[in-house]
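Below are the chains, spelled out letter by letter.
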Amino acid sequence: MARAALLALLGWFGAVAGAATAQEITGAEFAAPTGRYPHGALGDALEWGALRITVGRRAGRAGGLFSGRLELVYEFNLPDDLVFEDTVPRLWDVDGDGAPEVVVVQSQAGAGARLLIIGLTNGKPVFRAATPFIGTRFRWLAPLGAADLDGDGRVEIAYVETPHLGRVLKIVRLEGGRLSRVAELRGLTNHKFGDRYLQGGIANCDGRPTILAANPDWTRVIAVTLDGGALAARDHGPLSGPESLDPLRACR
C-alpha cells in the first residue's frame, strides 16, 4: 500500500509538473548600438546590431501547489551588413492567435529596409516572414499598425514605404510563411526625416479600424480604410501637430 501510494504521488507530481506550459513573447528591446549604417533617418548615425526577445513560460497549474513563471531572454546578433533601423520593437499579434509576434524594421547595407516578423516555434523565437528589401541603400519604411482592417477575421499590417520619398502606404498580411500584398496607396507619410518618433497609426473611427497618416506636405490628416481589397482615403482635417495623428485622440 505504501508503495502504491508513493507511485500515485509521483504520478500526480509528474502530471502537475508536466501541465500545460503556455509560452509567449512578453518583451523585446534593441541592443548593441552601431554606426555601421549611417543613414540618419531617425536623427543620428546609430542603429542597432542586436535584438533581445523575452519569452515567458507559465509552469504548473494556476493556484496549484506547484506553479510559477520562467522567463528566458534570447539575443539575435546581426552580421555586419545588417542593422535594426527602428525606434522600438513592436509586440503585435499578426497571425490572430492571441499571442504577439515581434515586428521590426531591418536594413541591409546595399538593399535598404524590410519589415521583419519574428514569432515562436516550440517556445523559441524564429523568423516568420519578411517583406523584400526595398532594393536601394538608405531607403527605409515606417510601420503604422496591425489590425483586422476589413473585418474578415484576418490581421493586416500597415506601413509606409519610403515615407520621405515615394510615400507609399502598403498593406500586407501574414499567410503561411510569407507576407502577402493586400493593397497600396501612394501619397501618404508618417515620418519626417530626422525625427526620432513615428506618427499616425490605426484608430477606431466610426466603428471601424482606420489608418491615420499625413499628406506629403504635412498639412492634412488622411484617414484610410480597407474594403474589398481596396484602400479608400478621405481628408480628416488639418494637421496641427503630432496630436492630430494620435490614434487615441484623432477619431474621438
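These numbers were taken from a predicted model, which means no experiment stands behind them.

Engineer: Account for the overall build of the chain, naming residues and giving values.
Structural biologist: Scanning the chain from terminus to terminus reveals one helix and 16 strands. For the C-alpha atoms alone, the extent of the chain along its principal axes is close to 85 × 45 × 30 Å. Relative to its full complement of 252 residues, the chain shows a buried share of 45%. Expressed as a percentage of contacts within the chain between residues at least 6 apart in sequence, the contacts between residues at least 24 apart total 51%. Total accessible area on the chain stands at roughly 12,300 Å², and carbon and sulfur atoms take up 53% of it. Of the side-chain charges in the chain, 27 are positive and 28 negative, and the distance between the mean point of each set is 3 Å.

Engineer: Describe in detail the pattern of salt bridges, supporting the description with residues and values.
Structural biologist: For the structure on display, the rule yields 19 salt bridges. Linking E29 and R52 is a salt bridge whose minimum nitrogen-to-oxygen distance equals 3.7 Å. Here E29 is found in strand β1 (residues 23-34), whereas its partner R52 is found in strand β2 (residues 47-60), with 23 residues between them in sequence. Several salt bridges converge on common partners, so that one network encompasses D150, D152, R154, E156, R173 and E175.

Engineer: Go over the state of the cysteines, please, and point to the residues and values.
Structural biologist: Summed over the entire model, instances satisfying the criterion amount to one disulfide. Linked covalently through their sulfurs, C205 and C251 form a disulfide whose S-S length is 1.5 Å. With C205 in strand β13 (residues 201-205) and C251 in the segment after β16 (230-238), this pair connects stretches of sequence that are 46 residues apart. Across this residue pair, the class does not change: C205 and C251 are buried.

Engineer: Requested: an account of the side chain of E85, with residues and values cited.
Structural biologist: Secondary-structure assignment places E85 in the loop between β4 (82-84) and β5 (90-92). Here E85 is buried and forms no salt bridge, its nearest opposite-charge partner R137 lying at an N-O distance of 9.5 Å. Within polar-contact distance, the side chain of E85 engages the side chain of S107 at 2.6 Å. Apart from the residues within four sequence positions on either side, E85 is in contact with Y37, H39, A41, L42, E47, V105, S107 and W140.

Engineer: How would you explain the packing of aromatic side chains if you had to name every residue and give the values?
Structural biologist: Across all of its chains, the model carries three aromatic pairs by this definition. Relative to W48, the ring of F30 has its centre 6.0 Å away and its plane inclined at 15 degrees; by these criteria the two rings are stacked. Of this pair, F30 sits in strand β1 while W48 is found in strand β2, placing the two residues 18 residues apart along the sequence. An angle of 70 degrees between the planes, with centres 5.0 Å apart, marks the rings of Y37 and F138 as edge-to-face. Here Y37, found in the loop between β1 and β2, pairs with F138, found in the loop between β8 (124-130) and β9 (141-147); they are 101 residues apart in sequence, far enough to count as distant. With relative accessibility at 26%, the residue F138 sits in the partly exposed group. Of note, K192 hangs over the ring of W218, and the distance from its end group to the ring centre comes to 5.0 Å.

Engineer: Can you explain the environment of F66? Please cite residues and give values.
Structural biologist: Along the chain, F66 turns up in the loop between β2 and β3 (67-77). Given a relative accessible area of 36%, F66 falls into the partly exposed group. Residues F66 and F138, spaced 72 residues apart in sequence, show a C-alpha to C-alpha distance of 52 Å.

Engineer: Can you explain the pairing of strand β7 (residues 112-121)? Please cite residues and give values.
Structural biologist: Here β7 lies mainly inside the structure; eight of its ten residues are buried. Where strand β6 (residues 101-108) hands over to β7, the hairpin turn is made up of three residues, counted between the paired strands. Hairpin connection of β7 to β8: two residues between the antiparallel strands, including N122 at a positive phi of 55 degrees.

Engineer: Requested: an account of the nonpolar core, with residues and values cited.
Structural biologist: In this structure, V94, L115, W140, I157 and L179 are the most contacted members of the largest nonpolar core, which totals 18 residues. Contributing elements (two or more residues each) for this core: β6, β7, β9, β10 (156-161) and β11 (168-175). Broken down by element, this core gets its largest block of residues, three residues, from β7. Here V94 is in contact with E101, V103, I117, A146, V155, I157 and L174, once residues within four sequence places are set aside. Counting 16 residues, the second largest nonpolar core, distinct from the first, contains L149, V160, L188 and A213.

What counts and how
- Residues numbered from 1 in each chain as written.
- Predicted model: local features only at pLDDT ≥ 70, side-chain atom pairs only at ≥ 80, totals over all residues.
- Heavy atoms only, no water.
- Helix = DSSP H or I, 4+ residues; strand = E, 2+ residues; numbered from the N terminus.
- Buried < 20%, exposed > 50% of the residue type's maximum accessible area, 1.4 Å probe, protein only.
- Contact = heavy atoms within 4.5 Å.
- Areas by Shrake-Rupley, 256 points an atom, 1.4 Å probe, with all protein chains shown as cover.
- Lys, Arg positive; Asp, Glu negative; His and termini not counted.
- Charge placed at Lys NZ, Arg CZ, Asp CG, Glu CD.
- Salt bridge = Lys/Arg side-chain N within 4 Å of Asp/Glu carboxyl O.
- Disulfide = S-S within 2.5 Å.
- Polar contact = N/O pair within 3.5 Å; in protein donor to acceptor, adjacent residues only side chain to side chain.
- Phe/Tyr/Trp six-rings, centres within 6.5 Å; stacked < 30°, edge-to-face > 60°.
- Lys NZ or Arg CZ within 6 Å of the ring centre and 35° of its normal.
- Pairing = 2+ DSSP bridges.
- Core = buried A, V, L, I, M, F, W, Y, C linked by side-chain atoms within 4.5 Å.

Any functional reading would require information beyond the geometric quantities listed.
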